[in-house]
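Structural description and commentary
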Amino acid sequence: MLGPLLSSKYRLPSPRPGSVPRQRLAERLRAMSQSTLTILSAPAGFGKTTLLTEWLAAGCADGAAVAWLSLDRRDNDPALFWTYVVTALQTAVPGFGDAALQLLASSPPPIDAVLATLLNDLDGLPTDLLLVLDDYHLVETPEVHEGMTFILEHQPPQLRLVLATRADPPLPLAQLRARGRLVEVRAADLRFTAEEAAAYLNGPMRLGLSDHDVAALEARTEGWIAALQLAALSLQGREDVSVFIAGFAGDDRYIVDYLAEEVLARQPADVREFLLQTSVLERLTGPLCDAVTGREDGKATLVALERANLFLVPLDDRRQWYRYHHLFADVLHAHLLDERPEQVAELHRRASEWFQAYGDTSQAISHAQAGGDTGRAADLMEIAMPVMRRERREAELARWMGALPDEELRTRPVLGVAFVGALAQASDFDTVGERLDQIEASLRSADGTWPEQPPPHVIVVDQDNYRALPAHIEMYRAALALATADLAGTITHAREALSLAPQDEPLARAAAGALAGLASWTTGDLPGAHAAYTESIAGLTSAGFFADVLGCTITLGDIRRTQGQLTTALRTYQQALDPTGPAPGIEPLRGMADMHVGMAGVLLERNDLSAAREHLATNQRLGEHNGLPQNPYRSRVVKARLREAEGDLDDALALLNEAERVYAGDYAPNVQPVPAMRARLRLRRGEVAHAEEWARERQLSAGDEPTYLREYEHLTLARLLLARHRLERAPSALEEALRLLEALLTAAERGGRGASVIEVLVLQALAHEAGRNAPAALAALHRAVTLAQPEGYVRLFADEGTPMAALLKALSKQPAASTHVRRLLAATTTAGTHASILSELIDPLSERELDVLRLLGGDLDGPDIARELSVSLNTLRTHTKSIYAKLGVSSRRAAVRQARDLNLIPGQRHS
């Protein structure tokens, strides 16, 4: 959770009264309708914001809806940045981006999925939308710039993007410029011309300057609007105008210092004091100003300052929140530091206390740090830590604590361990071990025991968290061991954490149990992993971490599916959705969508495509924001399998590519990596070369020692070897495939991985059939069907197409054939499978092979076909051999029959 948003940030500022018309710049801005990006880039005080607000107020947006967002440094948090962007867009198009906002409420938020959702929503808008991001230079986080680049690369035509910034952002400006898709308004454009300077100085400011004085002032300021404004304020009431202008010189810093002094010196003492004291605030409101200044006239003073045009910018229509002009604020703060440095810490302390009482912990900590009160900042962090961990705001915690001096963290073990947890959550393990060692060394007694009470040299605010520190330290050592693939160490430290965790500390016990389960899962100990996760769920439920409960449930379902227990897996997902199931109290929100994705995967294996489609639709209706971080990835993988089953291999490949893009790695073993899935799909499409390249990149060979982590890849390699044999009739490839499959079968049986056992047997049947060993093929297939029938497996067979159909047909003729064999045969020979085979074959068959195939369907013999095509008989035989391999047949008659069934050549189709 990101906390409340400041509505004033996405309100379009009102035009300044008495502004100068700037027609030449308005014409430049009109070109934005034909551009991808418009950028106003110039130093402070060049009138970027003023120009945009006046241009928009004049109705020059060509009917586009307008969204405005004023940025500040807190928007370097990608989740907060995009939350504000979407909320700003909603002010222009009510209801827009609801799905993106819900995604952003996840922890951690799936930013790639957020951006994809946002772009899809933008693409569906019936009208144009203009988004202005003001003060973009305050954004420095690479992740935000990467997201903006992604938006620019995939920007729908409805969106016009405008940035106002003091420095060029790290975006692909050169590419946009080269393509003519960039509108640029820079300092040279924004500077006041002599005519504009005269219109301003003698118009709204009513100075009555001569042409010579205007020209001199314009030349000395180089049209810098802020300096002109400051000069005009200083000139008011002066009689020695020409003398003042003649002596006006210096670089920008001296100009600002001189003019600010002139402005400040002319203010009443109480106003000047108010300005200096409140310069520590980024935003101002009456009660806050009262708390900082110790006065009671904050609201009235702010109103008076606005009326006096003293660089105060209203941030809302009700005149409750304001900010100083950035340049003026800088000058004020510089004078505060110069004149009253002893007050700075106290002013920040008062601001911190006000924000703490106001409920804004982030601002309270920010002011404590700005005032140098790291102790107070650390206290506030430790107090806020339990809530922030429950709300999964580890990234924000890491930013806070990363700003603390190391010596402060060394004296605060609870905070130090929390920082370690935040680093581990972000997979930043570089300093985790060293930090844990330091914390332990600072606490353990000389005899190595852990003191019940904190030693005098350390500071502890949260006593409950201190009691759980030994368990948390061991827990993070387990996480570190897991990250470095030290599985034995992971289990050892996790067990130690369990033994140290207080009985009334369910979170520590649950987290340690989950880490032990992860280690067991990674080694292939599925029963141990399932037991550990089951125990972890109980602790997480007790601690109220319901989203994590559902995350563990997904893992339980995955384990059962790996064990070949589809029925139990389906029941696991269903019980998580049932309030009477094993996880009471779970709100039907984040994580529920993932249960539907899990059920869709099981139903798809059973070839219940309609039901799988319904659950995927439910997941989409709930929205990815109601899913766990891996929901975007998992849902796309299942969708890809569904499209493959429906015969749409192109869409399936696109979905896998998208799944790879949104994949967010975590501690869980990636036992079915997308590149291996994609290689399988490439094989189905007949694109063997792509699969060969994948196998080379992964350095796979048939002689590898089978492991659980690479089992899926080795099964894919076996498929590649079979495809190589079909194409090249290479006995060595077939021998390698059989040898590899035998090793994989032994390993899968030993590990209790029932799903893998069935898949290996299916591939063994196909391999033996390719080697013309029908008895062995039917024996392997019979065993596969026997294992598959109780759990209802279908797609493992149906996806193999024509070769499997032939084997199933032969098996169905045996006396002991089960009804499941006939079900599998029906599924393998459906129109959907034909469509799948068609998609697999059209691309691989070259134009010459299609010519040969058409002639094979006629009455010509081999020599006549060769003469018809003007090729040698050997060349014809090469083409024919390739066609047979791609169609999965071994005779001319079978090739013609298959080609007619697939509409590759004219003729009656066969059922």
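Rules used in this analysis
- Residues numbered from 1 in each chain as written.
- Predicted model: local features only at pLDDT ≥ 70, side-chain atom pairs only at ≥ 80, totals over all residues.
- Heavy atoms only, no water.
- Salt bridge = Lys/Arg side-chain N within 4 Å of Asp/Glu carboxyl O.
- Helix = DSSP H or I, 4+ residues; strand = E, 2+ residues; numbered from the N terminus.
- Buried < 20%, exposed > 50% of the residue type's maximum accessible area, 1.4 Å probe, protein only.
- Domains from an automatic or database assignment.
- Contact = heavy atoms within 4.5 Å.
- Buried area = accessible area lost by both parts, 1.4 Å probe.
- Core = buried A, V, L, I, M, F, W, Y, C linked by side-chain atoms within 4.5 Å.
- Axes fitted to C-alpha atoms, helices over the stretch in contact; angles between N-to-C directions.
- Parallel < 35°, antiparallel > 145°, perpendicular 65-115°, else oblique.
- Left-handed = near helix turned anticlockwise from the far one by under 90°.
- Nonpolar A, V, L, I, M, F, W, Y, C, P; charged D, E, K, R; others polar.

**Overview of the pattern of salt bridges**
- As enumerated under the stated definition, the model contains 52 salt bridges in all.
- Residue Arg643 is joined to Glu646 by a salt bridge in which the shortest nitrogen-to-oxygen separation is 3.7 Å. A residue pair is termed a helical-turn pair when its members lie 3 or 4 positions apart in one helix, as Arg643 and Glu646 do in helix H34 (residues 631-646) at three residues.
- Its relative accessible area of 23% is what places Arg643 among the partly exposed residues.
- One salt bridge in this structure joins Arg867 and Asp864, with 2.2 Å as the shortest N-O distance. Note that Arg867 and Asp864 are positioned in helix H47 (residues 862-869) at a spacing of three residues, about one turn of the helix.

**Details of the domain arrangement of the protein**
- We note that the domain assignment places domain 1 (7-189), domain 2 (195-265), domain 3 (405-528), domain 4 (545-624 + 631-665) and domain 5 (844-901) within the protein.
- For domain 1 versus domain 2, the separation of C-alpha centres amounts to 33 Å.
- Each side of the interface is counted separately: domain 1 has 10 residues, and domain 2 has eight residues.
- Roughly 700 Å² of surface becomes buried between domain 1 and domain 2 when both sides are summed, with 57% attributable to carbon and sulfur atoms.

**Let's talk about the nonpolar core**
- One finds Tyr324 and Met401 to be the most contacted residues of the largest nonpolar core, which totals 93 residues.
- Of the residues forming this core, the biggest block, nine residues, is contributed by helix H23 (residues 413-425).
- Residues Ala576, Tyr712, Ala718 and Met804 belong to the second largest nonpolar core, which totals 81 residues.

**Quick look at the environment of His625**
- Structurally, His625 can be placed in the loop between helix H33 (609-622) and H34.
- Relative accessible area serves as the criterion here: at 13%, His625 is assigned to the buried category.
- Residues contacting His625, with those up to four places away along its chain left out, are Ala99, Gln102, Leu103, Ser106 and Arg590.

**Side note on the packing of helix H28 (residues 506-523) against helix H29 (residues 526-543)**
- H29 packs onto H28 with a crossing angle of 160° between their chain directions and a minimal axis gap of 7 Å. Accordingly, the angle class assigned to the pair H28 and H29 is roughly antiparallel. Between H28 and H29 lies a crossing of left-handed hand. In this structure, H28 contributes Pro506, Leu507, Ala510, Gly513, Ala514, Ala516, Gly517, Leu518, Ser520 and Trp521 to the contact, and H29 contributes Leu526, Gly528, Ala529, Ala532, Tyr533, Ser536, Gly539, Leu540, Ser542 and Ala543.
- The class makeup of the residues in the contact of H28 with H29 is 13 nonpolar, seven polar and no charged.

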